[in-house]
Amino acid sequence: MSEPVFVFRPEPGFSDTIERGKALGLAMTGQPLFRIEPVAWECGDSKGFDAILAGSANAFRHGGSQLDQLTQLPVLAVGEATAAAARDRGFEVELTGRGGLQALLDNLPKKPIRLLRLSGEDRVDLDIPGHISVAEVVVYRSAPQPLDQSTAGDLREGGVCLIHSGRALEQLGQEFDRLGIDRARLKLAVIGPRVAELAGPAWGKVAIAPTPDDASLLALARDLCNNG
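Report follows, based on the coordinates. (Residues numbered from 1 in each chain as written. Predicted model: local features only at pLDDT ≥ 70, side-chain atom pairs only at ≥ 80, totals over all residues. Heavy atoms only, no water.)

Some words on the nonpolar core
Under the convention used in this document: Each nonpolar core is a collection of buried residues, namely Ala, Val, Leu, Ile, Met, Phe, Trp, Tyr and Cys, held together in the definition by side-chain atoms within 4.5 Å. Think of it in three bands: residues with accessible area under 20% of the maximum for their type are buried, residues over 50% are exposed, and the middle band is partly exposed, with areas taken using a 1.4 Å probe on protein chains only. Here a helix means four or more residues in a row that DSSP labels H or I, a strand means two or more in a row labelled E, and each is numbered from the N terminus. What makes two residues a contact is simply this: any of their non-hydrogen atoms within 4.5 Å.
F8, L147, L155, C161, L162, I163 and L172 are the most contacted members of the largest nonpolar core, which totals 40 residues. Residue assignment for this core shows that the elements contributing at least two residues are β1 (4-7), α1 (13-23), α5 (149-156), β9 (159-163), α6 (166-179), β10 (186-190), α7 (193-199) and α8 (214-227). Residue contributions to this core peak at six residues, all from α8. Excluding its chain neighbours within four sequence positions, the residues that come into contact with L162 are V5, F6, V7, F8, T17, M28, A189, L217, L218 and A221. Listed in part, the 23 residues of the second largest apolar core include A77, V93, L118 and V137.

The following block contains the structure:
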């Protein structure tokens, strides 16, 4: 029997990952460790910006009616899912990146660019190139949820955990400490080097996806199930 593969990302990504994993023949399980909630925010004057910088589809799913005042700005999206969510809200997508927000910024033209970053309360710190200015607005938050007893019991038996963010790894670690779950019995498939650095040595194994996307994470989980 294949090892279980645990997913912890919030909906709708949770269900999407579960279905993709099942299509690969993986024994998918888990639960969302976060509930995405909108926060109050002010739109301000969009005329001072050249584009929107978006690192998550949640910015468009939970940004609220204020987004309607920004649709004249093109979007620089971290990946395909974020780009699709932006289009669903009536935005034009100028660029869809690969490899994370930092890589997207680093590959922009070397000219003055003014960006409005729509983000969550927990977000990746960026090294902003000198020719780019970024104003940040928080439009959503991730409310942590406790592990239920059923998922905790399954985790005690071991398996592979898919980790989509540093915040997810932090929350999972807090729940492991609360419930006394042994990290050494579990392998981590993480979305990038920055997340791997947060893991520490206590886990059975930590492996990094070659590209920061769901398909790459699932392929890595399959390798971990088959080859340890």
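Still more ground to cover, so stick around.
Focus: the pattern of salt bridges
Quick note on the threshold: Salt bridges are defined as contacts in which a side-chain nitrogen from Lys or Arg sits within 4 Å of a carboxyl oxygen from Asp or Glu.
Summed over the entire model, instances satisfying the criterion amount to 14 salt bridges. A salt bridge links R141 to E37; its shortest N-O distance comes to 2.7 Å. One end of the pair, R141, is in strand β8 (residues 132-144); the other, E37, is in strand β3 (residues 34-38), and 104 residues separate them in sequence. Across the pair D177 and R183 runs a salt bridge, and its minimum N-O distance is 3.0 Å. Classification of D177 as exposed rests on a relative accessible area of 56%. Counted as one network, the salt bridges with shared partners bring together R35, E37, E121 and R141.

Observations concerning the pairing of β9
Note the cut-off: Strands were regarded as paired on the criterion that DSSP finds at least two bridges between them.
Counting buried positions along β9 gives five out of five residues, so the element sits mostly inside the fold. Relative to β9, β1 runs parallel, the two sharing two bridges. Within β9, the residue paired with F6 across the bridge is C161. In terms of strand pairing, β9 meets β10 through five bridges, oriented parallel. Directly across from C161, in β10, lies its bridge partner L188.

A look at α6
Given 3.6 residues per turn, any residue in an α-helix points the same way as the ones three and four places further on. Note the threshold: Take the residue count of a helix, subtract one, and multiply by 1.5 Å to get its expected span.
Taking 1.5 Å as the rise per residue, α6 with 14 residues should run 20 Å; its terminal C-alpha atoms sit 20 Å apart, in good agreement. Among the residues of α6, those classed as buried are A168, L169, Q171, L172, G173, E175, F176 and L179. Of the surrounding secondary structure, the elements contacted by the buried residues of α6 are β3, β8, α5, β9, β10 and α7.

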